[in-house]
Amino acid sequence: MDHSALDRAAWHARRYLDHVDTRSVAAPATRDALLARFDIPLGAEGLPAARVIDDLAAAAEGGQLGTGSARFFAWVIGGALPSTIAAEWLVSAWDQNAVIYATSPVSSVVEEVAGKWLLDLLRLPATASFAFTTGCQMAHFTGLAAARDHVLRAVGWDVGTQGLAGSPPIRVLASELRHVSLDRALRYLGIGSRQLEILPVDGDGLITPRVLEGALARGNGPTIVGLNAGDLNTAAFDPYPTLIPLAHAHGAWVHIDGAFGLFARTSERFAALTDGMELADSWATDCHKWLNVPQDCGFAAVRHPEAHRRAMTIHDSYFVSEQAARDPIDWTPEWSRRARAFGAYAALRELGRDGVARLIDRNSAQCEALVRGLAALPGAELVAAPRLNQGLVRFLDPRLGATAADHDARTDRVIETVNRGGEAMFGGVTWRGRRAMRVCVVNSQTDEAAVQRTIAAVARSLSADPEGHRH
Ligand SMILES: *Cc1c(COP(=O)(O)O)cnc(C)c1O
């Protein structure tokens, strides 16, 4: 095979990564500009592979969001470690189909080991089954598919053969602060929004035992409870030691959304937030967020391997089964699939057990410094004190008699100005009725200098805002 395209890709990748610190964090290219470069007539004849890659890199210029930048703090996306990017290249070069052991022995084995390491690192039951999914969304789907099978089986209904039509209805109780990927996973599973009962949270963003107890007592039948391990705005962790036994006493299955928060378990400083979480029935998290594996790599773990396997497994005559070997198709929703455990395996080896904990601690300390530093700027206000790696600040309109709407508008303007400046990037969110800038730190590249440079960039945007000058 001609290697020149691979060599060109390595060259372009190196150049991109070398300049990620000086590039705009936001994507400066407009949609029109990108379309003009990409939407060209598709030629009847092909091109040399290296030319395709050179053209691709040139046309993509400025259209990438700097998610790998040390100063990217929007949403919760996560960076990438050198070994994880390189491992992903190898996965593409090998083009393995990780559907069964027979189609890729090495993918099956690496998945088995990476999964075992993650269960151990996250202190989940060693006997739990697991799956590497595209992300936390599909990890929810996987965990909740097992939950659906399990809670219906307990009332004598086999969803695998009988389907959902005519089945006893499933109740789902979940926090008002849940990530709505949970709702979407439920929808895929035939559980509609009317079957979802939203539990109100207290002042700290948590479900209290009284609220859960009341909700459980209001109904009966097959029940699933969804709890948060780190919500998007304030990294709220529900009180598992009381909530999980309560749910179990009512026969409910407990599913945890820990897309990034599950990794708090690896840190001595933050582990207490997650105490009791190991009592749950299924857990969903991401390797592509805080473990700094490239998109897309999620992870689901299930306490009840039989339910998990029943929900996913299938057999066809062309399968070749190897005794004792892991067939990924028994645990994952896809058929043909990318060997996505290699990135997680590489990240765990590059960081080591202590390195993961240090990353969690470091990013959390950086979040604290960033949120406190931003809140100390003139006209800024702390909205939610940093917890773990998340925090909220807002920017007040300094005019006399400024209204809540003026403060909201100024906050949005400041976010927009900072993002347009290209030095750093933040998201905006409405939290308890007010607009706020959300700060999320989940990148191994972020360092103290990035934090200081970001605070300075926001300070400049504040003084550039015309309303900011009037007093
Ligand atoms: C990102 C996120 C999700 C969705 O995960 P994907 O990996 O994007 O599918 C779910 N829950 C929380 C708390 C998240 O941060």
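Computed from a prediction, not measured in an experiment: that's the story for all the values here.

As a further point, take the sheet that holds strand β1 (residues 129-133). If you trace the seven strands from one edge of the open sheet to the other, you get β1-β7-β6-β5-β4-β2-β3, paired in mixed fashion. A single partner strand is all that each edge strand has here, and the edge strands are β1 and β3 (196-199). The average undirected angle you get between the axes of adjacent strands in this sheet is 20°. Strand direction decides the pairing type here: strand β6 (residues 282-286) and strand β7 (residues 298-302), joined by five bridges, are antiparallel. Among the inter-strand pairings, aspartate 286 is bridged to a residue of β7, identified as glycine 298. Together, β1 and β7 form the strand contacts of helix α5 (residues 105-121), whose direction differs from that of β1 by roughly 110°.

Before going further, it helps to spend a moment on the site of the ligand. Every one of the 13 residues lining the ligand counts as a neighbour, but Gln137, Asp257, Asp286, His288 and Lys289 are closest to it. Note that an oxygen atom of the ligand is positioned 2.9 Å from one of the backbone N or O atoms of cysteine 136. Within the side chain of lysine 289, one N or O atom sits 2.8 Å away from an oxygen atom of the ligand. In isolation the ligand exposes 380 Å². Once the protein is present, 84% of that is buried. Here the shell around the ligand is built from residues that sort into four nonpolar, six polar and three charged.

So, about unusual backbone geometry. Of note, the bond from glutamine 295 into aspartate 296 is cis; its omega dihedral lies within 30 degrees of zero at -5°. Tracing the backbone shows aspartate 296 in the loop between β6 and β7. A positive phi angle, near 45°, is found at aspartate 95, a position not held by glycine. Mapped onto the elements of the fold, aspartate 95 is located in the loop between α4 (82-94) and α5. Relative accessible area serves as the criterion here: at 65%, aspartate 95 is assigned to the exposed category. A positive phi angle, close to 50°, is found at alanine 235, a residue other than glycine. Examined against the element boundaries, alanine 235 turns out to sit in the loop between β4 (223-228) and α10 (240-249).

A few words on the pairing of strand β9 (residues 390-395). Of all the six residues making up β9, six are buried; the element is thus mostly covered by neighbouring parts of the structure. Both faces of β9 are covered, namely the face carrying Gln390, Leu392 and Arg394 and the face carrying Gly391, Val393 and Phe395. Looking at chain direction, strand β8 (residues 380-387) and β9 are connected through five bridges and run antiparallel. Directly across from leucine 382, in β9, lies its bridge partner valine 393.

If you trace the backbone, leucine 351 turns up in helix α12 (residues 341-375). You can call leucine 351 buried: its relative accessible area is 19%. Separated by 268 residues in sequence, leucine 351 and serine 83 place their C-alpha atoms 9.8 Å apart.

The contact between α4 and α12 brings their axes to 8 Å, and the two run at 150°. Taken together, the axes of α4 and α12 lie roughly antiparallel to each other. Remark: the crossing between α4 and α12 carries right-handed chirality. From α4, Pro82, Ser83, Thr84, Ala87, Glu88, Val91 and Trp94 reach across to α12, where they touch Phe342, Gly343, Ala346, Ala347 and Glu350. Per-class residue counts for the contact of α4 with α12 are seven nonpolar, three polar and two charged.

Thresholds applied
- Residue positions are counted from 1 within each chain, in the order its sequence is given.
- Local features are withheld for residues below a pLDDT of 70 in this predicted model, meaning they are given only at 70 or higher, and side-chain atom pairs are given and counted only at 80 or more; totals for whole chains, interfaces and linings count all residues.
- With hydrogens and water excluded, all non-hydrogen atoms of the structure serve as input to the side-chain values.
- When DSSP finds two or more bridges between two strands, those strands count as paired.
- To qualify as a helix, a DSSP run of H or I must reach at least 4 residues; to qualify as a strand, a run of E must reach at least 2; elements of each kind are numbered from the N terminus.
- Axis geometry follows a simple rule: fit a line to the C-alpha atoms, using only the stretch in contact for helices, then measure angles between N-to-C directions, giving values from 0 to 180 degrees.
- Residues are treated as being in contact if the distance between any of their heavy atoms lies within 4.5 Å.
- Throughout, near means a residue has at least one heavy atom within 4 Å of the molecule or strand.
- Any pair of nitrogen or oxygen atoms within 3.5 Å is treated as a polar contact; in protein, a donor-acceptor pairing is required on top of that, and neighbouring residues in sequence qualify only through side-chain atoms on both sides.
- Only the protein chains shown count as cover for residues, and all accessible areas are computed by the Shrake-Rupley method using a 1.4 Å probe.
- Polar here means any residue outside two lists: the nonpolar Ala, Val, Leu, Ile, Met, Phe, Trp, Tyr, Cys and Pro, and the charged Asp, Glu, Lys and Arg; Gly therefore counts as polar.
- Relative accessible area decides the class of each residue, using a 1.4 Å probe on protein chains only: under 20% of the type maximum gives buried, over 50% gives exposed, and in between gives partly exposed.
- The labels follow the angle: roughly parallel below 35 degrees, roughly antiparallel above 145, roughly perpendicular from 65 to 115, and oblique for the rest.
- Take the far helix as the reference: if the near one is turned anticlockwise from it by less than a right angle, the crossing is left-handed, and if turned clockwise, right-handed.

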